[in-house]
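Each chain is listed here by its residues.
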Amino acid sequence: MSVRPFLGKASAVIGYVLQTACITHCIIEYVGDFVLCTGPSMEPTLETNNILFTEHITPRLQRLRRGDIITAKCPTDPKQNICKRITGLPGDKVKGYFPRGSQVVPRGHVWLEGDNSDNSKDSRMYGPVPQGLIRGRVVCRVWPLNKMSFLTEH
Amino acid sequence: MLFRSLFKSFLFGVPIGVTFLDSVGYVARVEGISMQPVLNPESQNKDYVFLSRWSVSDYQVNRGDIISLVSPKNPNQMIIKRVVALEGDVVSTLGYKNKYVRVPEGYCWVEGDHTGHTLDSNTFGPVSLGLISAKALYIVWPPDRWQSLEAKLPENRKPISVAV
């Protein structure tokens, strides 16, 4: 009937919820998270509606390698995310995007391509992608369960 | 006993602190002279600004805003510049490979106020909105420099054509 124990319990619950939300935020930002990928651009390596586990540690430490599959913010729409493979690191020569023939990947950027070359909007359309847009590196597929696997290099 | 309770407070405080810094904002020191005279007018005394992460959570920036972004040339470096043009605008550039640039969709054009002493879009071209980290709202230190930073464009750097 009294208010004080109720307030005490309510603030304890709020405290726990807040703490859990903050820990979750830190894990998702700095450790890793699960992402749902849609679209055909990474077939046959990844199919639409696969759930992948991505880690956020290697991008922050600049330890990405050619052949890694990464998730990044889309250069032409920051609210969307893309999932592509790194096919060029800074200094690499790549077949450039229209209208150029070939170009060198500039400092601080990477060249992204989807494994499904015919059906992928990637660096061949929007050019080299600044590394600051990269969010995570795909480690393994966790769904569908019968297709769980580590994803190996191209 | 003391160590355990200190450890528990630390464990309790770090996620909340980090989440606050990531979601609300933080104070940062401004290095360099590229935004003179608005920021760091005397090179010896550095300004400290409050960077609001909350304001850019949906990537809505206006022309004239001072923003911090991840440098396209070096992902480990944050730079602070003013947004001069948004997608669809046409800018006349200072020293870029093309004289006029139409800012593509999802990009913006940033420049430092101190023309000639700044590494900005005139060097690396339009910047993807996804690189924007925070908006600088106030100068918070030193106390005699307390002020709110206005979103205004220098007259001679306005885009020559503005998208509707």
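Structure's up top.
What comes next is a walk through the structure. Note that the structure is a prediction, hence the values are computed from the model and not measured.

### Quick notes on the overall build of chain B
Link 1 in the chain: Counting its regular elements, chain B contains two helices and ten strands.
Link 2 in the chain: Taken from N to C terminus, the helices and strands of chain B fall in the order α-β-β-β-β-β-β-β-α-β-β-β.
Link 3 in the chain: Here chain B holds 164 residues, and 46% of them are scored as buried.
Link 4 in the chain: Here the analysis covers contacts within chain B between residues at least 6 apart in sequence; of these, 59% occur between residues at least 24 apart.
Link 5 in the chain: If you sum the accessible surface of chain B, you get close to 9,000 Å²; carbon and sulfur atoms cover 58% of it.
Link 6 in the chain: Averaging the positions of the 17 positive and the 15 negative side-chain charges in chain B gives two centres separated by 5 Å.

### Digging into the pairing of strand E2 (residues 48–52) of chain B
All names here are of chain B.
Link 1 in the chain: Sheet topology places strand E1 (residues 25–29) next to E2; five bridges connect them, and they run antiparallel. Across the sheet, residue Val27 finds its bridge partner in E2, namely Phe50.
Link 2 in the chain: With five bridges connecting them, E2 and strand E9 (residues 132–141) associate as antiparallel partners. When the bridges of E9 are listed, Val49 appears paired with Ile139.

### Re the interface of chain A and chain B
Link 1 in the chain: Contacts between the two partners involve 25 residues from chain A, matched on the other side by 23 residues from chain B.
Link 2 in the chain: For the pair chain A and chain B, the two sides together bury roughly 1,900 Å², of which 58% comes from carbon and sulfur.
Link 3 in the chain: Counting across the interface, chain A meets chain B through zero salt bridges.
Link 4 in the chain: Across the chain A-chain B interface, the total number found is nine residue pairs in polar contact (both at pLDDT 80 or more).
Link 5 in the chain: Those elements that provide at least two residues to the side of chain A that touches chain B are helix H1 (3–30), strand E3 (69–74) and strand E4 (77–88) of chain A.

### Some points on H1 of chain A
Link 1 in the chain: Taking 1.5 Å of rise per residue, 28 residues should cover 40 Å, and H1 of chain A covers 40 Å from first to last C-alpha, within 8% of that figure.
Link 2 in the chain: Buried positions along H1 of chain A lie against helix H1 (2–23) of chain B.

### Concerning the packing of aromatic side chains
All names here are of chain B.
Link 1 in the chain: Evaluation of the coordinates by the stated rule reveals three aromatic pairs over all chains.
Link 2 in the chain: Taking the centre distance of 6.3 Å and the plane angle of 15 degrees together, the rings of Phe3 and Phe7 count as stacked. On the criterion of helical spacing, the pair formed by Phe3 and Phe7 is a turn pair, its members being four residues apart in helix H1.
Link 3 in the chain: Take Phe3: its relative accessible area is 64%, and that puts it in the exposed class.
Link 4 in the chain: Since its relative accessible area comes to 45%, Phe7 is described here as partly exposed.

### Some points on the packing of H1 of chain A against H1 of chain B
A pair of packed helices is captured by two measures, namely the crossing angle of their axes and the spacing between those axes.
Link 1 in the chain: Contact geometry for H1 of chain A and H1 of chain B: axes closest at 8 Å, N-to-C directions at 65 degrees. Considering the angle they form, H1 of chain A stands roughly perpendicular to H1 of chain B. Considering only the axes of H1 of chain A and H1 of chain B, their crossing is left-handed. Contacts from Leu18, Gln19, Cys22, Ile23, His25, Cys26, Glu29 and Tyr30 of chain A in H1 of chain A reach Leu11, Phe12, Pro15, Ile16, Val18, Thr19, Asp22 and Ser23 of chain B in H1 of chain B.
Link 2 in the chain: Its residues assigned to classes, the contact of H1 of chain A with H1 of chain B shows ten nonpolar, four polar and two charged.

### Topic: a nonpolar patch on the surface
Link 1 in the chain: Taken together, the side chains of Ile23, Ile27, Val31, Ile57 and Leu61 of chain A present a nonpolar region at the surface, about 410 Å² in accessible area.
Link 2 in the chain: Topologically, Leu61 of chain A is positioned in the loop between helix H2 (57–60) and E3.

### Brief notes about unusual backbone geometry
Link 1 in the chain: With an omega of 5 degrees, the peptide bond running from Trp143 of chain A to Pro144 of chain A counts as cis.
Link 2 in the chain: Structurally, the position occupied by Pro144 of chain A is in the loop between strand E9 (134–143) and strand E10 (149–150).
Link 3 in the chain: Here the bond from Gln36 of chain B into Pro37 of chain B is cis, since omega is 0 degrees, no more than 30 degrees from zero.
Link 4 in the chain: Here Pro37 of chain B shows up in the loop between E1 and E2.
Link 5 in the chain: In this structure, Asn49 of chain A takes a positive phi of about 65 degrees despite not being glycine.

### Quick word on the pattern of salt bridges
Opposite charge on two side chains permits pairing when their charged atoms draw close.
Link 1 in the chain: Enumeration according to the criterion identifies 13 salt bridges over all chains in this entry.
Link 2 in the chain: For Arg85 of chain A, the salt bridge goes to Asp115 of chain A, with nearest N and O atoms at 2.8 Å. With a gap of 30 residues between them, Arg85 of chain A in strand E4 and Asp115 of chain A in the loop between strand E7 (109–113) and helix H3 (123–126) connect regions that are remote in the sequence.
Link 3 in the chain: What makes Arg85 of chain A buried here is its relative accessible area of 2%.
Link 4 in the chain: Using a relative accessible area of 15% as the deciding quantity, one classes Asp115 of chain A as buried.
Link 5 in the chain: A salt bridge links Asp65 of chain B to Lys135 of chain B, with the shortest nitrogen-to-oxygen separation between them at 3.2 Å. Here Asp65 of chain B is found in the loop between E2 and strand E3 (66–70), whereas its partner Lys135 of chain B is found in strand E9, with 70 residues between them in sequence. Of the two residues, Asp65 of chain B and Lys135 of chain B, both sit in the buried class.

Criteria and thresholds
- Starting from 1, residues in each chain are numbered consecutively following that chain's sequence as written.
- As they are written, the chains are lettered A onward and the ligands numbered 1 onward, keeping that order.
- The predicted nature of this model means local features are confined to residues of pLDDT at least 70 and side-chain atom pairs, given and counted, to a pLDDT of 80 or more, with totals for whole chains, interfaces and linings taken over all residues.
- Values reported for side chains reflect all heavy atoms of the structure, with hydrogen atoms and water molecules removed beforehand.
- Each helix is a run of DSSP H or I of at least 4 residues and each strand a run of E of at least 2, with the numbering of both proceeding from the N terminus.
- Exposed residues in this analysis have more than 50% of their type's maximum accessible area, buried residues have under 20%, and partly exposed residues fall in between, with area computed by a 1.4 Å probe over protein chains only.
- It only takes one pair of heavy atoms within 4.5 Å for two residues to be counted as in contact.
- Each accessible area is a Shrake-Rupley result for a 1.4 Å probe, and residues are judged covered by the shown protein chains and nothing else.
- The charged-residue count follows a simple rule in which Lys and Arg add positive charge and Asp and Glu add negative charge, with His and chain termini not counted at all.
- For the purpose of locating charges, the reference atoms are NZ of Lys, CZ of Arg, CG of Asp and CD of Glu.
- Should DSSP find at least two bridges between two strands, the strands are taken to pair.
- Joining two parts hides part of their accessible area as seen by a 1.4 Å probe, and the buried area is that hidden amount summed over both.
- The term salt bridge refers to a side-chain nitrogen of Lys or Arg lying within 4 Å of a carboxyl oxygen of Asp or Glu.
- Side-chain atoms alone can form a polar contact between residues adjacent in sequence; in general such a contact is a pair of N or O atoms within 3.5 Å, and within protein one must be able to donate a hydrogen while the other accepts it.
- What a helix should span is 1.5 Å times the count of its residues minus one.
- Geometry of aromatic contacts follows a simple scheme: Phe, Tyr and Trp rings, the Trp one being its six-membered ring, pair when their centres are within 6.5 Å, and the pair is stacked under 30 degrees between planes, edge-to-face over 60, tilted otherwise.
- Interaxial angles span 0 to 180 degrees and are taken between N-to-C directions of axes, which are lines fitted to C-alpha atoms, for helices over the stretch in contact.
- Throughout this description, any angle smaller than 35 degrees is read as roughly parallel, any larger than 145 degrees as roughly antiparallel, any in the 65 to 115 degree range as roughly perpendicular, and the remainder as oblique.
- Crossings are classed by handedness, with left-handed meaning an anticlockwise turn of the near helix from the far one by less than a right angle and right-handed meaning a clockwise turn.
- Polarity classes work like this: nonpolar for Ala, Val, Leu, Ile, Met, Phe, Trp, Tyr, Cys and Pro, charged for Asp, Glu, Lys and Arg, and polar for all others, with Gly in that last group.
- Patch membership needs two things, relative accessible area over 30% and no salt bridge, and members are linked within 9 Å if like-charged or within 5 Å if nonpolar (Val, Leu, Ile, Met, Phe, Trp, Tyr).

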